[in-house]
Structures are given as C-alpha cells and as structure tokens.
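Given next are the chains, with one letter for each unit.
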2 protein chains.
Amino acid sequence: MSTIKDAAIAAGVSTATVSRVLNNTGPVSESVRERVERAVAEIGYRPNALARSLRTESTGTIGLIVSNILNPFFTELARAAEDVAIAEGFTMILGNADEIAEKEERYIRELLEKRVDGLLLNPAVAKAPHIKEIVDRGVPVVLIDRSVEGVTAPLVRADGTPAIGELVAHMVALGHRKLGIISGPRELRNGLERYEAFIAASSAIGYPVQPQHIAFGDFERESGAAAMRRLMSAGDPPDAVFVANGRMTLGALEALKSLGIRVGQDVGVASYDDDPFFSLLDPALTAIEQPTAELGRLAMSALLGRIRGGGADELEPLHSRLIIRRSCGETE
Amino acid sequence: MSTIKDAAIAAGVSTATVSRVLNNTGPVSESVRERVERAVAEIGYRPNALARSLRTESTGTIGLIVSNILNPFFTELARAAEDVAIAEGFTMILGNADEIAEKEERYIRELLEKRVDGLLLNPAVAKAPHIKEIVDRGVPVVLIDRSVEGVTAPLVRADGTPAIGELVAHMVALGHRKLGIISGPRELRNGLERYEAFIAASSAIGYPVQPQHIAFGDFERESGAAAMRRLMSAGDPPDAVFVANGRMTLGALEALKSLGIRVGQDVGVASYDDDPFFSLLDPALTAIEQPTAELGRLAMSALLGRIRGGGADELEPLHSRLIIRRSCGETE
DNA sequence: CACGTCACTGTAATGCATTACAGTAAAGCA
DNA sequence: TGCTTTACTGTAATGCATTACAGTGACGTG
C-alpha cells in the first residue's frame, strides 16, 4: 500500500504539497496540482486514515450501539441516523450489544480506543458505570430511548404516555374490563414508563389492572411468548393485553397461535411498536407507532451538534401515536 | 485524554514498559507490573488504537457492507457473522449501502482508508469496478450472496435451485397451472439464479411460466407491491406467484390486501426468504428458508481464514429449504 | 532602487504506541 | 574469580499524514 511519500516522489514534490492538494488546504499552482493528482491516481494512493486521525485528533466517525439489531425499531432508527451522518460528512458505524451489558461495554471501549468523535447509545441496562464514566470524561454521548443512572447526557425518546392512555380508553370502549400487560423490565426507563402509563390509565378509567394480569419480559421475542403463555394459562386470564414492544408482541402472538387462542375474538391484543406485518395479520394489529426515523435523525443531529461544541440542550421528547386497527375488537 | 507517556510518568517507568505490561509482550517484574497497572487505572489511560494500528499495520476490524439493512436477512446474517468475529478477537463494523452503488463505494473507500483487515461484501450491483480493483490490490474480501463480474473472491451463498424445484412441484400438485414469478434483477447473481430455477422447473414439470406472468422488481418492498399489482390487474392473472425475496413479498402481500385478493384462495403465494411473521399470517405463508446464520458464520470464518493467510478456498454453497405452509392451498 | 507582499513550496516537528536494539545487574557455571 | 546467560528496563527509530515555520522568487509601490 502506497504512502503519501510515494505519491510525493511520483509527482516530484514534497509530502506537504501532496497533502495540500488532497485536502485543499493552502495554495498550489495549477500545474503542480495536476501533476500530483495524476501521480495519486497512477499509483493508487489512498491516504491512511489512521495516520491522519492521529494527527488531526478527529476521525469523522460516529458509533451507534443498539441493544438489539434484530429489532426493526433499531434498524430503522440506524438507517435514519446514518443518513444524517453522511449528509454532514460523517461515517456511522453500527454495533450490536444484544442486550448484554458486557458486549456493550466492550464495544464502547473499542470504539473509544478507535477515537470515534461521538457515541449514540441505547443502553442495555440502566445501571451502567462504564457509560457514566465516559460521559464524565467528556465524550460526546446522546442516549436513545433509555436513560442511565447518574448520567446527564441528552436523551432522545418518544413519549408513549398519551398514546397508551388512548389505547386504554379504546380497550375499555370495546368492552374489555380485565386489562393485562406484558411489560418490559421496569429497570429500564422506557420499560418503566410504558408500564406506569398503562397502570395509571387503567386506574384512572376505573378498571385497574389486576396483579394476576401483569407479566414481565425482557423486550425479547421469547419472553413475550412465555409471558403470554403464563397470562393465558392461569385461571383468570385477561381479556385484552398490551405488549410493551414489538419483539415481545411477535412472541406473544406465536404463543396465542400455539395455544389456539384467537386474537380479537378470544383476547384483545395491542402492541407498543408498529410493524409492517401488523396490517397483514387477521385481524390487523392495533399498535402504538414510534416516530422511529425522526428519533434517529434527531439523535444524530443532537450528537453532531454537541461535537461541534453546541450546548447540552435538553431535548423535548417526540410523541408516539396510537394506530387503531382491529385486534382489540371491532370498532363499529 | 492521557497517553502512554502520561501512564509511564505516573508509574515511573518508560513507555516501553507500559506497552509490555498492557500487551503482555516481554518480561516485566511483578512489582513494576503492579505499579503500571495501578497507574493506568488511576489516570484512566486508554491506548489510542489509531497509533497502535498505524504501527502494527492491523486494526483487528472487519467491515461488513450489506445492501439493505432493513432486510432481516442481513441483520440476522450480520449478527451471526459478528459472533464469529468477536469470538476470534475481531470487531465488526456494519455499513448499509441501501442498494446504491455510490454509497457502497463510499463505504468501501472509507473502510479501506481506516485500514480494516478485511471486507465482507454483499454487492449492490454486479458491475462493480471498485470491488474488482480492491480485490486485485489484495484486500481480503469475501462476497455474500452475489458475485461481481471479473472478481475471483470467495462467494458465500445458499443454493435455492432444489428448493425452488420442490416449490414448483408443490404448486402444481395443488392444481396451479398458471405459475407466476416476481423476480429480482437478473443482473444480480442471486436474482438470476432464482429466476432461472423457477422458469426451468416450471418448464420441466410441463407448465412453463407464461411471459405475462413474469414481473421484475429490485428486491425492495415497493417493487414487490408494484409487480404484484401489475400481475393481478392484467387480463389473465397467474394463479400462484413465487416472490423472489422477503422484502418484495411484504410489498406483494400488501398489494393483494389492498386489491382485496385473498391469499391461498384467490391466488397462491410463496416467498423466497422466510420471516417469523409468515407463520402468523392466515393462511401461513409457504416459504423457502435460507440458512442465514450459517451463511454469516461461514462468511466471517472464510474471511478471517484469508486474513490469517489461508488459501483462497472455493466455498461450497449451502442449501435453502422449502417450508410448506398453506398459502398455495390446502395440502390435504 | 529598496523594500514589503504574495504565491508557492519545502523542511521538520508532531500525534501515540510498538519494538529493535542496547544496557545493567544479578545469577549460573567452569 | 572470570565469563556467559538471563531477566529486566530504557532509548530511540518507526509507521503516515498534517502543519507550523521558513525560504524563494516574482511583483508592486513609494
């Protein structure tokens, strides 16, 4: 692999001149510029980003670490975030923590050693001293969807509370009285928020969720299946269940199918997170949709802003939106 | 951010010794090792991977560029590939080309400048001089699912031909005579292969696909919808349609739904690529499943093998598998 | 004509970690 | 005792690109 020195020799100039031509910094005569460009093309010289970044102390790279790459929420978010990064001249690299704190930690360490300019994090756990540490050290960080104890980095998220309130009203209006929930971990900010919103709304409307209608999962597919199985196999099953994320909804629907319980007729189901397939199911699934792409764009913009030295703006949460379809019963 | 020099001063030793402690290279007395470790922890020193890689000429990083991150096939594959990379002490970074050759090219250039040790590519197009160039220059590359003109890098893929043959037999056995296909681009290796397999099998069994029952898409959701709409709106619609990938199947099903055409009853549908939601549809969708995770593992293993100097082994294709459900009609 | 200015180009220091080479002291051996 | 190992540690070169600083010649101005 050729170096800038090779290019300089091939063009008969100094390395400084080659650098000036390539980065458009400082004046270069037209004839020299052409010679250099020809030489660079000739020998196929590609600057070594390691050396450059070592010198300039910036890599033009953002790391995005998501908790679960199999969750379409994150791939959509990643795609939107990446668009912003590219438009601003940055490269984004994506890491997957698989909801495992150690994997997350490993990625963070690795990306930091590679000197990324900033980090977009969707923390796997709320108690994350490694995240607190890097934020305190001054690494530009923006959190997505989940906060971390003691960390003051900006948080990009969608507030689901109003939509969950509407959902509860919708369920009750359709005659459901025994509301159930398959919640995510209450240790996670988003898990807790959805849980509390559902419980509070059900109480407010006069049909509080009963303890035996509450199940907890870990936001993964399998836990959704197990939770639904538990709920429906008990003596007194709920008649409408709210599942707190898309991955668990997939599992929950699989469980219902294997149990022979019909969605909509035997039990109402609604999901936090929408999915293109929900419309294709029979009945189509009522869901709360997050503004996924906007979250991604907002997160990346906020991070780039911080990197460029902008203030630590507190971010307004976006809003999730209830999409009524037919899985809680017929509306008319 | 502290450097190895800071750590050396804090520990009262030379930078060489710090390096030796951290990398476990060369002998160090127990007392010094402790002192260094304490100092490193104390000042929170993290080695600068840029400097290290510049010196050692290796980054321990693999780039994986997929053509479309919204396709679950690739996220699953990525996850499996990443597992292998981590187990072997490498980091994987994921880029998304969005089926756009320029984006792909940009990513490749960028990753190469960052001096990744190797590249896993799912080329967006078959005519890709930029890929040929880097392979010729000796960059370790393994191709996934699609080959590139004139490039001799190993190719990891699943052969779908036998499964497609079985699918055609299955369709015909259920009484379908007017077989249709929504194919991917024939310019792409995988697109062409699935197309040819379906056409050949239908001819072999005595019910060759008619020209008006052939539509082409670009492996993206929208094109699947458009193609299905075209096929079904013509005067003489097919009575069973094979859709050549999962994303197009999603679009095709949406089109049928909006057209009010019932899957299974009015028209048979089968998909290349399986999806967890297919089992939940009514009727459940017959599909050809690729060994996605294995493809990912195999691709990463092959690449790491090359990087470590292994030969350019020609890789046997894996095999896709037909999963008969009920979307082409009832079997009994 | 003398001097300042400008355009262009080169020299060399710099960023940080690795590592070849060399040096020192202690231990082993004849 | 004298010499070779061995264990440990340090010095300095190295990888590659950027950039502060300096140098050269041409040009403009009073």
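One structure accompanies this document, and this report is about it. (Residues numbered from 1 in each chain as written. Chains lettered and ligands numbered in written order. Predicted model: local features only at pLDDT ≥ 70, side-chain atom pairs only at ≥ 80, totals over all residues. Heavy atoms only, no water.)

### Examining the pattern of salt bridges
Within the structure shown, the criterion is met by 38 salt bridges over all chains. The partner of Asp98(B) in a salt bridge is Arg79(A), and the shortest N-O contact between them spans 3.1 Å. Highlighted residues: Asp98(B) in the loop between strand S2 (91–96) and helix H6 (101–113) and Arg79(A) in helix H5 (residues 72–87), drawn from two different chains. Salt-bridge contacts for Glu289(B) lead to Arg321(B); the nearest nitrogen and oxygen are separated by 2.3 Å. (Salt bridge = Lys/Arg side-chain N within 4 Å of Asp/Glu carboxyl O. Helix = DSSP H or I, 4+ residues; strand = E, 2+ residues; numbered from the N terminus.)

### A short note on the layout of surface pockets
Approximately 910 Å³ is the volume found for the second largest pocket. If you go around the second largest pocket, you meet 31 residues; those closest to its centre are Met1(A), Arg46(A), Pro47(A), Asn48(A) and Arg115(B). Looking at the lining of the second largest pocket, the elements that each hand over two or more residues are helix H2 (15–23) and helix H4 (49–56) of chain A together with helix H4 (49–56) of chain B. A per-element tally of the lining of the second largest pocket places H4(A) first, with five residues. Here the lining of the second largest pocket is built from residues that sort into 13 nonpolar, 11 polar and seven charged. (1 Å grid on protein atoms, 1.4 Å probe; cavity = no way out; pocket = protein on both sides within 12 Å on 5 of 7 lines; lining within 4 Å. Points joined across faces, edges and corners; volume = space filled by probe spheres on them. Nonpolar A, V, L, I, M, F, W, Y, C, P; charged D, E, K, R; others polar.)

### A few points about the protein's contact with DNA strand D
Surrounding DNA strand D, one finds 28 residues, the nearest of these being Ile4(A), Tyr45(A), Arg52(A), Arg55(A) and Thr17(B). Atoms of DNA strand D within 4 Å of the protein: sugar and phosphate make up 64%, bases the balance. The separation between a phosphate oxygen of DNA strand D and a polar side-chain atom of Ser19(A) is 3.0 Å. At 2.8 Å from a base nitrogen of DNA strand D is found a side-chain nitrogen or oxygen belonging to Arg20(B). Of all the secondary structure elements, the ones that give two or more residues to the surface near DNA strand D are H2 and H4 of chain A together with helix H2 (15–23) and H4 of chain B. Residue composition of the surface near DNA strand D, grouped by class: 12 nonpolar, 10 polar and six charged. (Near = heavy atom within 4 Å. Polar contact = N/O pair within 3.5 Å; in protein donor to acceptor, adjacent residues only side chain to side chain.)

### Observations regarding the relation of the copies chain B and chain A
Mapping chain B onto chain A leaves a residual RMSD of 0.1 Å; the transformation is a rotation of 180 degrees accompanied by 0.0 Å of translation along its axis. Expressed as an axis order, the relation between the two copies is that of a two-fold axis. Same-surface contact between copies: 100% of interface residues of chain B are shared with the interface of chain A. (Least-squares fit on C-alpha atoms with pLDDT ≥ 70 in both. Contact = heavy atoms within 4.5 Å.)

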